[in-house]
Amino acid sequence: MIFDSDCIRNNRGTVVAWISGNSIYTLKGRHCGWFENGILFDSSNDVIGFLRDSTGGLPSVPGIGGTPGTPGFSGKPGRPGFSGVPGRPGRGGWSKEDLSNFFNKQ
């Protein structure tokens, strides 16, 4: 996944989610997690992904490989109206969700 200021893109450069404040929304505007200090949390508040320079909040730090090349980006789709933000549960550990499929299931 690629962080692009107000959205998250997949490895082909397509927008797969929106960021508003510290909330993550599906392309249809449904809240699906949080993005805080470079860490992506799922709706259960478990860590599902993170940026290389994220700060704090990781249950453990896995080994990190090299950074792949960045694809060309397509235009961004129109932003939908966003749903309300649900109450945030207490922090857990690593998510059981697979980041590569997370936004496809939303």
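Preceding this paragraph is the structure being described.
If you're wondering where the values come from, they're calculated on a predicted model, not measured in any experiment. (Residues numbered from 1 in each chain as written. Predicted model: local features only at pLDDT ≥ 70, side-chain atom pairs only at ≥ 80, totals over all residues. Heavy atoms only, no water.)

Undergrad: In this structure, what is going on with the sheet that holds strand E1 (residues 2–4)? I would like to understand it.
TA: The strand order E1-E2-E3-E4-E5-E6-E7 describes an open sheet built from seven strands, whose pairing is antiparallel. Bordering the open sheet on either side are E1 and strand E7 (47–50), each of which pairs with just one other strand. Mean inter-strand twist for the sheet, computed between neighbouring axes without regard to direction, equals 30 degrees. Looking at chain direction, strand E6 (residues 39–42) and E7 are connected through three bridges and run antiparallel. Of the residues in E7, the one forming a bridge with Leu 40 is Gly 49. (Pairing = 2+ DSSP bridges. Helix = DSSP H or I, 4+ residues; strand = E, 2+ residues; numbered from the N terminus. Axes fitted to C-alpha atoms, helices over the stretch in contact; angles between N-to-C directions.)

Undergrad: For this particular structure, what's the right way to read unusual backbone geometry?
TA: Most of the time, phi is negative for any residue but glycine, and the peptide bond is trans. Notably, Ser 5 is not glycine yet its phi reads approximately 55 degrees, a positive angle. For Ser 5, the location among the structural elements is in the loop between E1 and strand E2 (7–9).

Undergrad: Explain the side chain of Asn 10 to me, please; I cannot follow it from the model alone.
TA: Of note, Asn 10 is situated in the loop between E2 and strand E3 (15–20). When its relative accessible area of 9% is taken as the criterion, Asn 10 is described as buried. Excluding residues that lie within four positions of it along the chain, Asn 10 makes contacts with Met 1, Ile 2 and Val 16. (Buried < 20%, exposed > 50% of the residue type's maximum accessible area, 1.4 Å probe, protein only. Contact = heavy atoms within 4.5 Å.)

Undergrad: Is there a simple way to think about the nonpolar core in this case?
TA: Nonpolar side chains tend toward joint burial in soluble globular proteins. Within the largest apolar cluster, 11 residues are counted, these being Ile 8, Val 16, Ala 17, Ile 19, Ile 24, Cys 32, Phe 35, Leu 40, Ile 48, Phe 102 and Phe 103. Counting residues per element, the ones that place at least two in this core are E3 and strand E5 (31–36). If one sorts the elements of this core by residue count, E3 sits on top with three residues. Among residues more than four places away in sequence, those in contact with Phe 35 are Phe 3, Ile 19, Asn 22, Ile 24, Leu 40 and Leu 51. (Core = buried A, V, L, I, M, F, W, Y, C linked by side-chain atoms within 4.5 Å.)

Undergrad: Looking at this structure, I do not really get the pairing of E6. What am I missing?
TA: The side chains of a regular strand alternate between both faces of the sheet. Residues Ile 39 and Phe 41 of E6 are buried on one face, and the alternating residues Leu 40 and Asp 42, pointing to the opposite face, are buried as well. With four bridges joining them, E5 and E6 adopt antiparallel strand pairing. If you follow Phe 35 over to E6, its bridge partner there is Leu 40. The loop that links E5 with its antiparallel partner E6 comprises two residues; one of these, Asn 37, has a positive phi angle of about 55 degrees. Between the antiparallel neighbours E6 and E7 lie four residues, among them Asn 45 with a positive phi of about 70 degrees.

Undergrad: I would appreciate a short explanation of the environment of Asn 104 in the present structure.
TA: Within the fold, Asn 104 resides in the segment after helix H1 (99–102). In the structure, Asn 104 is positioned 87 residues away from Ala 17 in sequence and 9.8 Å away in space, judged by C-alpha atoms.

Undergrad: So what exactly am I meant to see when it comes to the packing of aromatic side chains here?
TA: Evaluated as defined, the whole model comprises four aromatic pairs. Judged by centre distance (5.1 Å) and plane angle (25 degrees), the rings of Phe 3 and Phe 35 are stacked. Of the two residues, Phe 3 is situated in strand E1 and Phe 35 in strand E5; the sequence distance between them amounts to 32 residues. What makes Phe 3 partly exposed here is its relative accessible area of 39%. Residue classification places Phe 35 among the buried residues on the basis of a relative accessible area of 15%. Between Phe 50 and Trp 94, the aromatic rings sit 6.1 Å apart at their centres with planes inclined by 55 degrees, giving tilted as the arrangement. Placement of Phe 50 in strand E7 and of Trp 94 in the loop between E7 and H1 is noted, with a sequence separation of 44 residues between them. Between Arg 88 and the ring centre of Phe 41, over which it is positioned, the NZ or CZ distance is 4.9 Å. (Phe/Tyr/Trp six-rings, centres within 6.5 Å; stacked < 30°, edge-to-face > 60°. Lys NZ or Arg CZ within 6 Å of the ring centre and 35° of its normal.)

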